[in-house]
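# Per-entry structural report
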Amino acid sequence: MQKKILIVDDQKGVRRLLEELFKKDDWIVNTAADGREAVSKVSEFQPDIILMDMKMPNINGLEASKQILAVHQDMSIIMMTAYGEMDVIKNALEAGVRKCVTKPFDIMNLKDIVNKLAGE
Amino acid sequence: MTFIEIIYGIIFQPASTLKYLSGSKPLVLAVIAFLFTALWNMIINMGLNNARGFTASLPEGYIGVYLFIGLLISLAVLAGSAAIYNLLGELIYKQANGRGILTCLAFGFVPGILEPPLQYALTLLNFNYLNISISIMAFLWVMTLQIVGIREALVIQTSQALLLFVLPWLIFVLLIVALVMLVGMMVPGII
């Protein structure tokens, strides 16, 4: 059965990159450009994994993750943060985010993390 | 993204395209685009020099060697620049993405393909006074794209990318000044 992934990032280039990456691996991909759009798409799309950027307009990644986890407690969320945001990483993990990856990330490494989490 | 989409994106949506390229890192495609641009520029510049009346001093049959050496030097400068920016990025901001920087620098050079044909056309139309402004605009365009490329590849601020971009040149100028001063001090009467 095909796995579903929701990619949330305000940068079009990142969304395009990750969309192509996971579509090649036969994932069903959906994208959102900010936290608010992500929250509204989760219930309908029912993703297995959410790849969430931290810094976004409207609702940031941490707040969106908290809102999603409040409704879908078992949702696997991977947060993408900038280097050195240790407080953000700590807060995200405490909020229930499963994993944090720092930018710039290696796409193969990110794919491994996602596949590993999807297999759990 | 296909090659055409990348070229379109570099011209009309540079930030998001360079962000995409810094992650997907299509290095072979980037090097091909860079080499094609460099080759095209060298060929058009040879025609431009002829149109301006600068007689070619290359012996017959050596044009291929000239182009080959030109491409090798261009490639070496590209690789060297990417390596230096990556090293400085790692030292100053603890961010490294060598292959991403190399890809972005190579694709950032592509709009420079427009400069020699425009200069050639202006020369043929006798608008020589516009040549310098075309050169400056093309230089600024390529430089801006390369700074944005470094920014996207290393996930840093624009000001940080700008500093990284100018730092090697600043160090180079300072070294030259120091060297001249040193020679001046050692050999009385030069300065």
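Coordinates for the structure precede this section.
Residues numbered from 1 in each chain as written. Chains lettered and ligands numbered in written order. Predicted model: local features only at pLDDT ≥ 70, side-chain atom pairs only at ≥ 80, totals over all residues. Heavy atoms only, no water.

Once that is clear, we can look at the side chain of Q119(B). All names here are of chain B. Along the chain, the position of Q119 falls in helix α6 (residues 115-124). In this structure Q119 comes out as buried when scored by relative accessible area, which is 5%. Polar side-chain contacts of Q119 include one of 2.4 Å to the side chain of S135. For Q119, the contacting residues outside a window of four places in its chain are L48, R52, N131, I134 and S135. (Helix = DSSP H or I, 4+ residues; strand = E, 2+ residues; numbered from the N terminus. Buried < 20%, exposed > 50% of the residue type's maximum accessible area, 1.4 Å probe, protein only. Polar contact = N/O pair within 3.5 Å; in protein donor to acceptor, adjacent residues only side chain to side chain. Contact = heavy atoms within 4.5 Å.)

Opposite the twelve residues of chain A that make contact, chain B presents 18 residues. When chain A packs against chain B, close to 1200 Å² is buried across both sides, 57% of that on carbon and sulfur atoms. One salt bridge connects E5(B) with R16(A), and the closest N-O pair in it is separated by 3.1 Å. Linking chain A to chain B there are four residue pairs in polar contact (both at pLDDT 80 or more). Of the residues forming the side of chain A that touches chain B, the biggest block, six residues, is contributed by helix α1 (residues 12-24) of chain A. (Buried area = accessible area lost by both parts, 1.4 Å probe. Salt bridge = Lys/Arg side-chain N within 4 Å of Asp/Glu carboxyl O.)

All names here are of chain A. Read across the open sheet, the five strands follow the order β2-β1-β3-β4-β5; overall the sheet is parallel. Strands with a single pairing partner mark the edges of an open sheet, and in this sheet they are β2 (28-32) and β5 (99-103). This sheet shows a mean twist of 20° between the axes of neighbouring strands, independent of strand direction. Two elements, strand β1 (residues 4-8) and β2, share five bridges in a ladder whose sense is parallel. Each bridged residue has a counterpart across the sheet, and for I5 the counterpart in β2 is V29. Strand contacts of α1: β1, β2, β3 (49-53) and β4 (76-82), with the helix running at about 170° to β2, the strand carrying the most contacts. Most of the contacts of helix α2 (residues 35-45) go to β2, to which it runs at about 150°, and overall it touches β1, β2 and β3. (Pairing = 2+ DSSP bridges. Axes fitted to C-alpha atoms, helices over the stretch in contact; angles between N-to-C directions.)

We now examine the packing of aromatic side chains. Residue and element names in this part refer to chain B. Under the counting rule described, the total for this entry stands at six aromatic pairs over all chains. Ring centres of F36 and W40 lie 6.5 Å apart, and the angle between their planes is 25°; this geometry places the pair in the stacked category. Of this pair, F36 and W40 both sit in helix α3 (residues 27-51), four residues apart, which is roughly one turn of the helix. The interplanar angle of 15° and the centroid separation of 5.6 Å between the aromatic rings of Y85 and F165 together place this pair among those described as stacked. Linking Y85 in helix α4 (residues 63-93) with F165 in helix α8 (residues 158-186), this pair joins segments that are 80 residues apart in sequence. Of the two residues, Y85 and F165, both sit in the buried class. (Phe/Tyr/Trp six-rings, centres within 6.5 Å; stacked < 30°, edge-to-face > 60°.)

Residues and elements named next belong to chain A. Summed over all chains, the structure comprises ten salt bridges over all chains. Between E20 and R16 there is a salt bridge whose closest N-O contact spans 3.2 Å. Of the two residues, E20 and R16 are both situated in helix α1; the distance of four residues between them amounts to about one turn of the helix. The salt bridge involving E19 is made with K23; its shortest N-O contact spans 3.0 Å. Here E19 and its partner K23 are both found in helix α1, four residues apart, which amounts to about one turn of the helix. Judged by its relative accessible area of 23%, E19 falls in the partly exposed class. Among the ionic contacts, a cluster of salt bridges with common partners joins D9, D53 and K103.

A word on the packing of α3(B) against helix α5 (residues 98-108) of chain B. Residue and element names in this part refer to chain B. Where α3 contacts α5, the two axes come as close as 8 Å, and the packing angle between them is 30°. For the element pair α3 / α5, the angle class is roughly parallel. For the crossing formed where α3 meets α5, the hand is left-handed. Contacts from L27, L29, A30, A33 and F34 in α3 reach R99, L102, T103, A106 and F107 in α5. Residue classes in the contact of α3 with α5 are distributed as eight nonpolar, one polar and one charged. (Parallel < 35°, antiparallel > 145°, perpendicular 65-115°, else oblique. Left-handed = near helix turned anticlockwise from the far one by under 90°. Nonpolar A, V, L, I, M, F, W, Y, C, P; charged D, E, K, R; others polar.)

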